[in-house]
Number of protein chains: 2
Amino acid sequence: MTHILSVSVLNKPGVLSRITSLFSRRNFNIDSLNVGETEDPNISRMTIVVRGDDKTLEQVTKQLNKLIDVIKVTELDQNAIVDRDLALIRINCTRNNRTEIIQIADTFRAKVVDVAYDSIMIEVTGTEDKIEALIEILKDFGIKDIVRTGIIALNRGQVIEKKNQKIG
Amino acid sequence: MTHILSVSVLNKPGVLSRITSLFSRRNFNIDSLNVGETEDPNISRMTIVVRGDDKTLEQVTKQLNKLIDVIKVTELDQNAIVDRDLALIRINCTRNNRTEIIQIADTFRAKVVDVAYDSIMIEVTGTEDKIEALIEILKDFGIKDIVRTGIIALNRGQVIEKKNQKIG
């Protein structure tokens, strides 16, 4: 089963290494991970996507919480989040199929960010599924290079609860 | 000095942990890191932004290259790349300032992805500077939550070389 963890940490050398070693000791494969600054430069936020059974993950979460530089660990409920992935993809192209590739990009609301003589680079943001669908189509032209951030996610705002309060 | 490393690795448990520990042993602070799948599910690609002197980085790069699961390490030339960062930001809002926030988002070509009773969520893609400028403006309203992927980057296509060949 896939789990999405959101981990707030102090922005210090070594934190990332301690966290990733917790997962590797338990043989959890990390599907994607990213860490970036927040509005407070002392605090970074990580999003980790892992596959593994619920029980082992619970243990890992407990151990993460014990690390001194970890502020908060949350497992996100995949039905109540906005999740996004970002990819840069460079595709082979010729004069003959450049327009076709640009049209495909448009359909996926992706942006052309660089055009060279024999290649074209596309930036695309969306859910993981959307990005994978686009990659699948672009494979026909030949993908030269690809880099993805992996998922980031935040909980949706609580509209329903607020509504209930009003009705009540 | 800031360096951007692009590292292709085999998608196996433990790789990430071995790589991050190389940096932490040398006291390199990782500003941002992300790892995502490529078009080949066996290969992942990491983008690491680190600060540190050139000499130590060279040593780290050499050691990275020695790791068995590391396929390729490249330091990207920051003048010849397309780099992008993605952020999800949830901001406090009321009925009175919702429109103002949406207008700011529009100006930055950011997308509103969730609206709740007392908050609004924005998705923004761009260079690090652009995202930081937007965060700076949104701070006035009160940022509830923020998550960023950190930079991903690819080299630009080689337009100029091709041109020279043609002229020659």
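Going by the structure above, here's the rest.
Residues numbered from 1 in each chain as written. Chains lettered and ligands numbered in written order. Predicted model: local features only at pLDDT ≥ 70, side-chain atom pairs only at ≥ 80, totals over all residues. Heavy atoms only, no water.

Undergrad: Where do I start with the overall build of chain A in this structure?
TA: Helix and strand counts for chain A stand at five helices and nine strands. The N-to-C order of helical and strand elements in chain A reads β-α-β-β-α-β-β-α-β-β-α-β-β-α. Scaling as 2.2 N^0.38, a compact globule of 168 residues should have a C-alpha radius of gyration of about 15 Å, whereas chain A reaches 20 Å, well beyond that. In terms of overall dimensions, chain A has a C-alpha envelope of 55 × 50 × 35 Å along the principal axes. Across the 168 residues of chain A, 54% fall into the buried class. Nonlocal contacts in chain A, meaning residues at least 24 apart in sequence, comprise 71% of its contacts between residues at least 6 apart. Looking at charge distribution, chain A has the averaged site of its 24 positive side-chain charges lying 4 Å from that of its 24 negative ones. (Helix = DSSP H or I, 4+ residues; strand = E, 2+ residues; numbered from the N terminus. Rg over C-alpha atoms; globule rule 2.2 N^0.38 Å. Buried < 20%, exposed > 50% of the residue type's maximum accessible area, 1.4 Å probe, protein only. Contact = heavy atoms within 4.5 Å. Lys, Arg positive; Asp, Glu negative; His and termini not counted. Charge placed at Lys NZ, Arg CZ, Asp CG, Glu CD.)

Undergrad: Explain the pairing of strand β5 (residues 81–92) of chain A here, please?
TA: Two faces belong to every sheet, and in a regular strand the side chains alternate between them. Residues and elements named next belong to chain A. Counting buried positions along β5 yields 11 of 12 residues, so the element is predominantly enclosed. Direction of pairing for β5 relative to strand β7 (residues 119–126): antiparallel, over a ladder of eight bridges. Bridge pairing in β7 places L88 opposite E123. As defined by bridge partners, β5 adjoins strand β8 (residues 143–148) across five bridges and the pair is classed as antiparallel. Residue pairing across strands places I91 opposite I143, the latter belonging to β8. (Pairing = 2+ DSSP bridges.)

Undergrad: Explain the packing of aromatic side chains to me, please; I cannot follow it from the model alone.
TA: Each pair of aromatic rings is reported with the distance of its centres and the angle of its planes. Here the structure, examined in full by the defined rule, presents two aromatic pairs over all chains. Between the aromatic rings of F23(A) and F28(A), the centroid separation amounts to 6.1 Å while the plane-to-plane angle is 85°, which identifies the pairing as edge-to-face. (Phe/Tyr/Trp six-rings, centres within 6.5 Å; stacked < 30°, edge-to-face > 60°.)

Undergrad: Just checking my understanding: could you explain the pattern of salt bridges for this structure?
TA: Side-chain pairs of opposite charge can arise whenever the charged atoms involved come near each other. Under the criterion given, the structure shown has 22 salt bridges over all chains. As a salt-bridge pair, D69(A) and K12(A) come within 3.5 Å of each other at their nearest N and O atoms. Of this pair, D69(A) sits in the loop between α2 (54–66) and β4 (70–75) while K12(A) sits in the loop between β1 (2–10) and α1 (15–25), placing them 57 residues apart in sequence. On the accessibility criterion, D69(A) (8% relative accessible area) is buried. On the accessibility criterion, K12(A) (44% relative accessible area) is partly exposed. The partner of D31(B) in a salt bridge is R51(B), with the nearest N and O atoms 2.6 Å apart. Of this pair, D31(B) sits in strand β2 (residues 29–37) while R51(B) sits in strand β3 (residues 43–51), and the two are 20 residues apart along the sequence. In this structure R51(B) comes out as partly exposed when scored by relative accessible area, which is 43%. Bridged by salt links that share partners, the residues K12(A), R18(A) and D69(A) form one connected network. (Salt bridge = Lys/Arg side-chain N within 4 Å of Asp/Glu carboxyl O.)

Undergrad: Sorry, what's going on with the relation of the copies chain A and chain B here?
TA: One copy of the chain maps onto the other through a rotation about an axis followed by a shift along the same axis. When chain A is fitted onto chain B, the two copies agree to an RMSD of 0.0 Å after a turn of 180° and an axial shift of 0.0 Å. Both copies of the chain, as the preceding transformation shows, are related through a two-fold rotation axis. Among all C-alpha atoms of chain A, that of N34(A) lies closest to the rotation axis, at 2.0 Å. An overlap of 100% is found between the interface residues of chain A and their copies at the interface of chain B, pointing to a shared contact surface. (Least-squares fit on C-alpha atoms with pLDDT ≥ 70 in both.)

Undergrad: What am I meant to see in the packing of helix α1 (residues 15–25) of chain B against helix α2 (residues 54–66) of chain B here?
TA: Describing two packed helices takes the angle between their axes plus the distance from one axis to the other. All names here are of chain B. Contact geometry for α1 and α2: axes closest at 10 Å, N-to-C directions at 155°. Regarding the angle of α1 to α2, the classification is roughly antiparallel. The handedness of the crossing between α1 and α2 comes out as right-handed. In this structure, α1 contributes I19, L22 and F23 to the contact, and α2 contributes V60, Q63 and L64. Along the lines of polarity and charge, the residues of the contact of α1 with α2 split into five nonpolar, one polar and no charged. (Axes fitted to C-alpha atoms, helices over the stretch in contact; angles between N-to-C directions. Parallel < 35°, antiparallel > 145°, perpendicular 65-115°, else oblique. Left-handed = near helix turned anticlockwise from the far one by under 90°. Nonpolar A, V, L, I, M, F, W, Y, C, P; charged D, E, K, R; others polar.)

Undergrad: Help me understand α1(B), please; the structure alone is not making it clear to me.
TA: Because each turn of an α-helix spans 3.6 residues, side chains separated by three or four positions in sequence point in the same direction. Residues and elements named next belong to chain B. Counting buried residues along α1, nine of its 11 residues qualify, which places the element largely inside the surrounding structure. Residues V15, L16, S17, I19, T20, S21, L22, F23 and S24 constitute the buried set of α1. In the stretch just after α1, N27 is the one whose phi turns positive, near 65°.

Undergrad: Just checking my understanding: could you explain the interface of chain A and chain B for this structure?
TA: It is common to give the size of an interface as the accessible area lost on bringing the parts into contact. Contact residues are listed per partner, giving 60 residues for chain A and 60 residues for chain B. Of the roughly 5100 Å² buried between chain A and chain B on both sides combined, carbon and sulfur atoms contribute 61%. Taken together, chain A and chain B are joined by six salt bridges. Viewed at the interface, chain B and chain A are joined by 16 residue pairs in polar contact (both at pLDDT 80 or more). Element by element, the count of residues in the side of chain A that touches chain B is highest for strand β2 (residues 29–37) of chain A, at nine residues. By residue class, the composition of the side of chain A that touches chain B is 24 nonpolar, 20 polar and 16 charged. Summarising the sheet, β2(A) and β2(B) pair through three bridges and their orientation is antiparallel. Note on β2(B): the bridge partner recorded for N34(A) is N34(B). (Buried area = accessible area lost by both parts, 1.4 Å probe. Polar contact = N/O pair within 3.5 Å; in protein donor to acceptor, adjacent residues only side chain to side chain.)

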